[in-house]
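Chain and residue survey
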Amino acid sequence: MSIQVLPPEVVDQIAAGEVVERPAHLVKELVENSIDAGATRVHVEFFDGGRIVKVIDNGKGMAPEDLPKALERFATSKISKTDDLWKLRTFGFRGEALASIAAVSKLTLTSRREGDEQAHQLISEYGRKKDLDKVGGSQGTTILIENLFDNTPARLKFLKSDAAENTAIKTTLKAMALSHYNVEFRIQENGKLASFWPACKNRKDRVEQILEIKPLFVGEATRENVRAYAVFADPHNVAKTAKNIWLFAQNRWIQDRSLQAAVNEAYRSLLMHGEYPIAVVWVEVDPDCVDVNIHPTKSQVKFQEPSLAFRAVAGALRGTLEQAPWLAEGQRPRPPQPLADVSAADYSSTQGLPNFATTPMPKENLAFQDSSLSVTQFQKKEFSFPTSTVNEPKIDYQTLAQAAASREELATTPSSAPPEPEAPRGYWSSLEVLGQANLTYIVTQARDKIVFVDQHAAHERVVFEKLMNAWKGGKVDVQDFLFPLAIDMSPEKVEALLGIGKDVERLGVHIESLGPGTIGVKAAPLMIKESILSSVLDKMANEIVDQGGSYSLERVVGDICATMACHSVVRAGQALGMDQMKSLLRDMDMFPLSSFCPHGRPVSVEYPFYKLEKDFGRIV
Ligand code: ADP
Ligand code: MG
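Residues numbered from 1 in each chain as written. Chains lettered and ligands numbered in written order. Predicted model: local features only at pLDDT ≥ 70, side-chain atom pairs only at ≥ 80, totals over all residues. Heavy atoms only, no water.

Overview of the overall build of the protein
When its secondary structure is counted, the protein shows 21 helices and 23 strands. Counting all 620 residues of the protein, 50% fall into the buried class. Here the contacts in the protein between residues at least 6 apart in sequence split such that 70% fall between residues at least 24 apart. (Helix = DSSP H or I, 4+ residues; strand = E, 2+ residues; numbered from the N terminus. Buried < 20%, exposed > 50% of the residue type's maximum accessible area, 1.4 Å probe, protein only. Contact = heavy atoms within 4.5 Å.)

So, helix α20 (residues 578–588)
Taken across its 11 residues, α20 has nine buried, putting it largely inside the fold. Burial in α20 covers these residues: Asp579, Gln580, Met581, Ser583, Leu584, Leu585, Arg586, Asp587 and Met588.

A few points about the side chain of Glu184
Turning to its location among the elements, Glu184 is positioned in strand β8 (residues 184–189). Reaching out from Glu184, the side chain makes a polar contact with the side chain of His43 at a distance of 3.5 Å. Not counting residues up to four positions away in its chain, the partners in contact with Glu184 are Thr40, Arg41, Val42, His43, Phe196, Trp197, Pro198 and Ala199. (Polar contact = N/O pair within 3.5 Å; in protein donor to acceptor, adjacent residues only side chain to side chain.)

A word on the packing of helix α6 (residues 162–179) against helix α7 (residues 203–211)
Two quantities define a packed helix pair, namely the angle between the axes and the distance from one axis to the other. For the pair α6 and α7, the least separation of the axes is 9 Å and the interaxial angle reads 160 degrees. Viewed along their axes, α6 and α7 adopt a mutual orientation that is roughly antiparallel. When you trace α6 past α7, the crossing you get is right-handed. On α7, the residues touching Lys174, Ala177 and Leu178 of α6 are Arg206, Val207 and Ile210. (Axes fitted to C-alpha atoms, helices over the stretch in contact; angles between N-to-C directions. Parallel < 35°, antiparallel > 145°, perpendicular 65-115°, else oblique. Left-handed = near helix turned anticlockwise from the far one by under 90°.)

Details of the pattern of salt bridges
Per the counting criterion, the structure on display carries 16 salt bridges. With its nearest N and O atoms 3.1 Å apart, the salt bridge here joins Arg113 to Asp116. Among the residues examined, Arg113 registers a relative accessible area of 32% and is labelled partly exposed. Judged by its relative accessible area of 16%, Asp116 falls in the buried class. (Salt bridge = Lys/Arg side-chain N within 4 Å of Asp/Glu carboxyl O.)

A word on the packing of aromatic side chains
Summed over the entire model, instances satisfying the criterion amount to seven aromatic pairs. Where Tyr427 meets Trp428, the ring centres are 5.0 Å apart and the plane angle is 75 degrees; that geometry is what we call edge-to-face. Each residue in the set Tyr229, Phe248 and Trp282 is aromatic and connected to the rest through ring pairs, giving one cluster. Between the NZ or CZ atom of Arg186 and the centre of the ring of Phe196, over which it lies, the distance is 4.6 Å. Over the ring of Tyr229 we find Arg203; its NZ or CZ atom is 4.7 Å from the centre of that ring. (Phe/Tyr/Trp six-rings, centres within 6.5 Å; stacked < 30°, edge-to-face > 60°. Lys NZ or Arg CZ within 6 Å of the ring centre and 35° of its normal.)

Considerations on the sheet that holds strand β23 (residues 604–608)
Here four strands make up an open sheet; going across it, the order is β17-β18-β19-β23 and the pairing antiparallel. The open sheet has two edge strands with one neighbour each: β17 (432–437) and β23. Geometrically, the sheet is characterised by an average inter-axis angle of 25 degrees between neighbouring strands, direction not taken into account. For strand β18 (residues 441–446) and strand β19 (residues 449–454), the ladder comprises six bridges, and the chain directions are antiparallel. Residue pairing across strands places Ile442 opposite Val453, the latter belonging to β19. (Pairing = 2+ DSSP bridges.)

Concerning the nonpolar core
By size, the foremost hydrophobic cluster in this structure holds 53 residues, and its most contacted members are Leu26, Leu30, Val31, Ile145 and Phe185. Residue contacts for Phe185: discarding those within four places in its chain leaves Val31, Ile35, Val42, Met176, Ala177, His180, Ser195, Phe196, Trp197 and Arg206. Among the nonpolar cores identified, the runner-up in size contains 39 residues, and Val226, Leu247, Ala314 and Leu327 belong to it. (Core = buried A, V, L, I, M, F, W, Y, C linked by side-chain atoms within 4.5 Å.)

Some details on the sheet that holds strand β22 (residues 518–525)
Spatial ordering of the open sheet is given by β20-β22-β21, a layout of three strands whose pairing is antiparallel. For this open sheet the edge positions go to β20 (478–488) and β21 (510–513), each flanked by a neighbour on one side alone. Each neighbouring strand pair of the sheet contributes to a mean axis angle of 20 degrees, computed without reference to strand direction. Alignment of β20 against β22, held across seven bridges, turns out to be antiparallel. Looking at the pairing, Leu485 lines up with Val521 of β22.

Topic: the environment of His510
Positionally, His510 belongs in strand β21. In this structure the C-alpha to C-alpha distance between His510 and Gly520, which are 10 residues apart in sequence, comes to 8.4 Å.

Digging into helix α2 (residues 23–36)
Compared with an ideal rise of 1.5 Å per residue, which puts 14 residues at 20 Å, α2 spans 20 Å between its outermost C-alpha atoms and is within 8% of the ideal. Three or more residues of α2 are buried, namely Pro23, Ala24, Leu26, Val27, Lys28, Glu29, Leu30, Val31, Glu32, Ser34, Ile35 and Asp36. Gly38 lies just past α2 and shows a positive phi near 80 degrees. (Expected span 1.5 Å × (residues − 1).)

Overview of the pairing of β17
Inspection of the sheet shows β17 paired to β18 by five bridges, in the antiparallel sense. Within β18, the residue paired with Gly435 across the bridge is Val443. Remark: three residues form the turn of the hairpin made by β17 and β18, two consecutive strands paired antiparallel; Asn438 in that turn has positive phi of roughly 55 degrees.

Description of unusual backbone geometry
With an omega of -10 degrees, the peptide bond running from Lys214 to Pro215 counts as cis. In this fold, Pro215 is placed in the loop between α7 and β10 (216–223). Residue Asp48 is not a glycine yet carries a positive backbone phi of 50 degrees. Locating Asp48 in the fold gives a position in the loop between β1 (41–47) and β2 (52–57). Phi at Tyr126 takes a positive value of approximately 45 degrees, unusual for a residue other than glycine. Tracing the sequence through the fold places Tyr126 in the loop between β4 (119–125) and β5 (128–129).

Section: the confidence of the model for the protein
Scored by pLDDT, the protein comes out at a mean of 77, with 73% of its residues at no less than 70. Every residue in residues 336–422 scores below 50 in pLDDT, and together they form 137 contacts with partners more than four places removed in sequence or on other chains. (pLDDT = per-residue confidence, 0-100.)

Following this line, the structure appears as structure tokens:
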């Protein structure tokens, strides 16, 4: 066959395959055009799974002579030279959406500008334009698409059920509405009103309106030139899939695994397995630091510095999550404060405290203290959060030393109590300990309620945070084994672990190969009991194998710390003395987010006095 130029209709259909694979894509293109035209009201009607779509807007409209041009390929009013691609202020820029849609449907375009006497209408059937007509109509543009894909049976076959296509359209419209809180949307499905979203005052109101969730919280963070703004639900309000994580870059709805991971990271240790956050996140960078032209449906973007975007997003959520604004006032963790500028030398001079320089202390405490001094080091790591010292857990050396002292006591001599420390400092230590119930719960009271604290969950949280801090500070005390500890596992897992040997080493675990099915541990952190080493390594190997070689160090570390914490803390069923209970509560105050254990279970349960009084029939 000789080489020939394809007829234009064919070219248009090829392009159509890119932009309008599904009715939802078409709806997105049409609504974006309306918004680009400055519309404040957009009405969308669709029938038959989107094979008929009508979009009506009150935007600026088009000149009659522009109507045929709008249907030409690469005809756009939005850019004129390549350079403009880097300073886009509009959604459209390729000038091919309408041409692509026109090529696979019957399209009726009606438009009237402000000041025009009449509207003009252009009908096109599968790319063949008819004559321009004068018609009645108000200001704005109406586009009706019918017979979608009737001339491309192959594409028709790829459509899913009407219900599935309708859902995709509605999801797209939600995204469009989320990104334009000041535009009114009216949506009709098969002739019935499906949604009516009047314009809102701000993004948070819009999220509440669209996702129908309350209460919502807001967070912001900036990392260099990347800004992130997030509206999200508290960790009690969760979803079963990741579908309720909505991401926008330059106000464009995008799919981005890295930013989705950033959202998950921010909620890490607050959610149970299988729970997903509900969050809407907007990322903004200078237009020349992001490429929005990398994907046919413009649903992906490329950041010049993806790690900054990741950190901004995680930071925006984490900053607020750590303050636990969903809790009652007195119950929140103390507001984080910038770290005091304390050098290690100050420890030994602190009056009335054990001399850290000479007194042997439990290793985990030492590690923790050191880590608090190396926050800057932590900031440089890509995956880290929080990245600003403002969000770091407040480290109070006084409390720390007390906690250290009492921890030592917790571990060794429950009976010889040190002098009771002065006034309580945070929510947890302000609770008055009444006793222990069922060898499992610390029973305490506050002014207006009884609070039961799960001793295992609470201690687990404390140890978890200490381990995480120790790791972040790169301060893990390591014990060398005289003979490497041999652990058997599948060759595949051995490979996987050896492949990330360097990272594992940063956790204080030094490994080597002892043959295809055996891994040797030359050294391990003092705080990991030998007995759990093999299960920790096994878990880690599993993760890497499951993820097909890739893995998130932060997550692995989080999991390991959670496992380690879980294995090394007080269990349910263990008797605790008053002082041990008090010291545990004091420790809880050292960390933000102490109201959940690392596995996402609540640490405490409350019983308000008014409920007690109601139960006793004192009040009705
Ligand atoms: P793009 O949006 O990339 O410019 P389109 O094919 O989507 O390309 O649209 C082509 C042109 O038609 C736009 O540049 C714009 O000038 C005009 N247009 C499309 N839809 C509308 C609308 N709803 N209101 C006003 N003008 C529109
Ligand atoms: Mg467009």
